[in-house]
Amino acid sequence: MTWSIAAPAVTAAFLASLVEVVEAFTIVLAVATLRGWRPAALGTTAGLAVLAGIVLLLGPLLNRVPISALQLVIGVLLLLFGMGWLRKASLRAAGVIPLHDEEAVFAAETATLSERAHNRRRSLDWAAGITALKAVLLEGLEVVFIVIAVGAGRGLLVPASLGALAACGLVLAAGVMLHRPLSRVPENLLKFGVGVMLSAFGVFWTGEGLGIAWPGEDLALLFFAALFLAAGLIGSSLARKLSMEFAS
Amino acid sequence: MTMLKELAVELVGMFAGEKRLTLAVLALVAAAGCLLDFTTLNELIAGAVLPFGCVLLLIENVCRSARARAS
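Residues numbered from 1 in each chain as written. Chains lettered and ligands numbered in written order. Predicted model: local features only at pLDDT ≥ 70, side-chain atom pairs only at ≥ 80, totals over all residues.

Re the overall build of chain A
For chain A, the helix and strand inventory stands at eight helices and zero strands. If you list the helices and strands of chain A from N to C, you get α-α-α-α-α-α-α-α. In chain A, which comprises 248 residues, the share counted as buried stands at 49%. (Helix = DSSP H or I, 4+ residues; strand = E, 2+ residues; numbered from the N terminus. Buried ≥ 20, exposed ≤ 12 C-beta atoms within 10 Å, placed from the backbone.)

What to know about the overall build of chain B
Counting secondary structure elements, chain B contains three helices and zero strands. Considering chain B as a whole, with its 71 residues, one finds that 25% of them fall into the buried category.

A closer look at the packing of helix α3 (residues 67-93) of chain A against helix α7 (residues 187-210) of chain A
All names here are of chain A. α7 packs onto α3 with a crossing angle of 155° between their chain directions and a minimal axis gap of 6 Å. What the angle tells us is that α3 and α7 run roughly antiparallel. The way α3 lies across α7 gives a crossing that is left-handed. In the contact of α3 with α7, the residues fall into 19 nonpolar, ten polar and four charged. (Axes fitted to C-alpha atoms, helices over the stretch in contact; angles between N-to-C directions. Parallel < 35°, antiparallel > 145°, perpendicular 65-115°, else oblique. Left-handed = near helix turned anticlockwise from the far one by under 90°. Nonpolar A, V, L, I, M, F, W, Y, C, P; charged D, E, K, R; others polar.)

What about helix α1 (residues 2-16) of chain B?
When the terminal C-alpha atoms of α1 of chain B are compared, their 20 Å separation across 15 residues agrees well with the 21 Å that a helix rising 1.5 Å per residue should span. By the criterion of burial, α1 of chain B is predominantly exposed, with just zero of the 15 residues buried. (Expected span 1.5 Å × (residues − 1).)

Some words on helix α8 (residues 220-247) of chain A
With 28 residues, α8 of chain A extends 40 Å between its outermost C-alpha atoms, agreeing within 8% with the 40 Å of an ideal straight helix rising 1.5 Å per residue. Within the span of α8 of chain A, buried status applies to Ala220, Leu221, Phe224, Ala225, Phe228, Ala231, Gly232, Gly235, Ser236, Ala239, Leu242 and Ser243 of chain A.

Thoughts on the interface of chain B and chain A
Across the boundary between the two partners, chain B contributes 35 residues, which contact 39 residues of chain A. Every element with two or more residues in the side of chain B that touches chain A is listed here: α1, α2 (19-38) and α3 (43-70) of chain B. The greatest single-element share of the side of chain B that touches chain A, amounting to 17 residues, is contributed by α3 of chain B. Class assignment of the residues belonging to the side of chain B that touches chain A gives a composition of 22 nonpolar, seven polar and six charged. (Contact = placed C-beta atoms within 7 Å.)

Some points on the nonpolar core
Residues and elements named next belong to chain A. Among the nonpolar cores identified, the biggest contains 91 residues, and Ala12, Ala13, Val28, Val31, Val150, Ala200 and Phe201 are the most heavily contacted of them. Counting residues per element, this core draws most heavily on helix α1 (residues 3-35), which supplies 20 residues. Aside from chain neighbours lying at most four places away, what touches valine 31 is Pro39, Ala40, Gly43, Leu113, Ala128, Thr131 and Ala132. (Core = buried A, V, L, I, M, F, W, Y, C linked by C-beta atoms within 7 Å.)

A closer look at the packing of α3 of chain A against α8 of chain A
All names here are of chain A. Put simply, α3 and α8 touch, their axes get as near as 8 Å, and they point 40° apart. What the angle tells us is that α3 and α8 run oblique. Our pair here, α3 against α8, has a crossing hand that is right-handed. When α3 is examined against α8, the residues Leu86, Ala89, Ser90, Leu91 and Ala93 are found in contact with a partner set consisting of Phe228, Gly232, Gly235, Ser236 and Ala239.

Describing unusual backbone geometry
Its identity is not glycine, yet glutamate 217 of chain A carries a phi of approximately 50°, on the positive side. As for its position among the elements, glutamate 217 of chain A is in the loop between α7 and α8.

Overview of the environment of leucine 42 of chain A
Residue and element names in this part refer to chain A. By the secondary structure assignment, leucine 42 is in helix α2 (residues 37-62). Residue leucine 42 is classed as partly exposed on the basis of its 18 C-beta neighbours within 10 Å. Taking the C-alpha atoms as reference points, leucine 42 and serine 90, 48 residues apart in sequence, are found 37 Å from one another.

Examining the confidence of the model for chain A
Mean pLDDT over chain A: 82, with 89% of residues reaching 70 or higher. When mean pLDDT is compared element by element in chain A, α8 of chain A scores highest at 90, while helix α4 (residues 102-119) of chain A scores lowest at 70. (pLDDT = per-residue confidence, 0-100.)

Here's the deal with the confidence of the model for chain B
Residue and element names in this part refer to chain B. In the predicted model, chain B carries a mean pLDDT of 86, and 99% of its residues have values of at least 70. α1 is the least confidently modelled element of chain B, averaging 75 in pLDDT, while α2 averages 92, the highest of any element. Here the predicted complex scores 0.79 on pTM and 0.89 on ipTM.

What about the environment of serine 237 of chain A?
If you trace the backbone, serine 237 of chain A turns up in helix α8. It is 28 Å that separates the C-alpha atoms of serine 237 of chain A and glycine 75 of chain A, two residues lying 162 residues apart in sequence.

Thoughts on the environment of alanine 111 of chain A
Residue and element names in this part refer to chain A. Mapped onto the fold, alanine 111 is located in helix α4. A residue is classified by how many C-beta atoms lie within 10 Å of it, and alanine 111, with 12 of them, is exposed. Each C-alpha atom of the pair alanine 111 and threonine 11 lies 35 Å from the other, and the pair is 100 residues apart in sequence.

As structure tokens, then:
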């Protein structure tokens, strides 16, 4: 294992998981605030169990796929996923689309559950549990994909998983202490950084999958990251200028 | 069933949230693959199409989205 590739993989898994876990935590907290910790904990546990099942089912299959095919497929998926995040983060930084607001998500989820409570009081615990399960499952799937994507190509699944687990632990600890949505997390900055890293990994794996031997080997990742960082910043700056021109 | 649908929508959205960008990236990867397999072009020149092409596609897409939202 070389640090030039292990460090970006662990960092990408940690930061991406931080963003996703904060989003899931906001919804689980809304459920817990309105209906108590029991349905929230049950939904979360069920979500984590389904995720574990998916990983246990699909994990061994990864070893059977030829490495170049795995690198190509994962590389392309990472490119699509990472560039999507970077695009959104650039547009948010330019003020073209609104920033993700955890307080607003918390308020919206609480309002939805309150409305359900008004309509059908009996099945509310069930509905609250399902809401928590969905949040954990949907955001968790993204975490699982990122961990597999940044870790599977070079046998870094364990360090990447540890990065993701550290993010879960950090969010849970902060959440337990604060008991409110973690709205102070600089989510767009994190998404910008993770988008840069995932896009860099995407180009790297896609190229290797196509049979390209990148000059500098793993160090090429740093060059790709710098390239995507510059692209995101240039895109954001151009988008800001364009929206100001149209506004005036 | 509704949850499965939502799960499927979320999964598709993860990779194909912006259709134009998705198609452009897939076309770029296919073009880089063709350059490597079917031409005698130097591997690194063909490979350079990938990072530099992605970067141009990203900037173009961000500007296009900003223009579309502003107008």
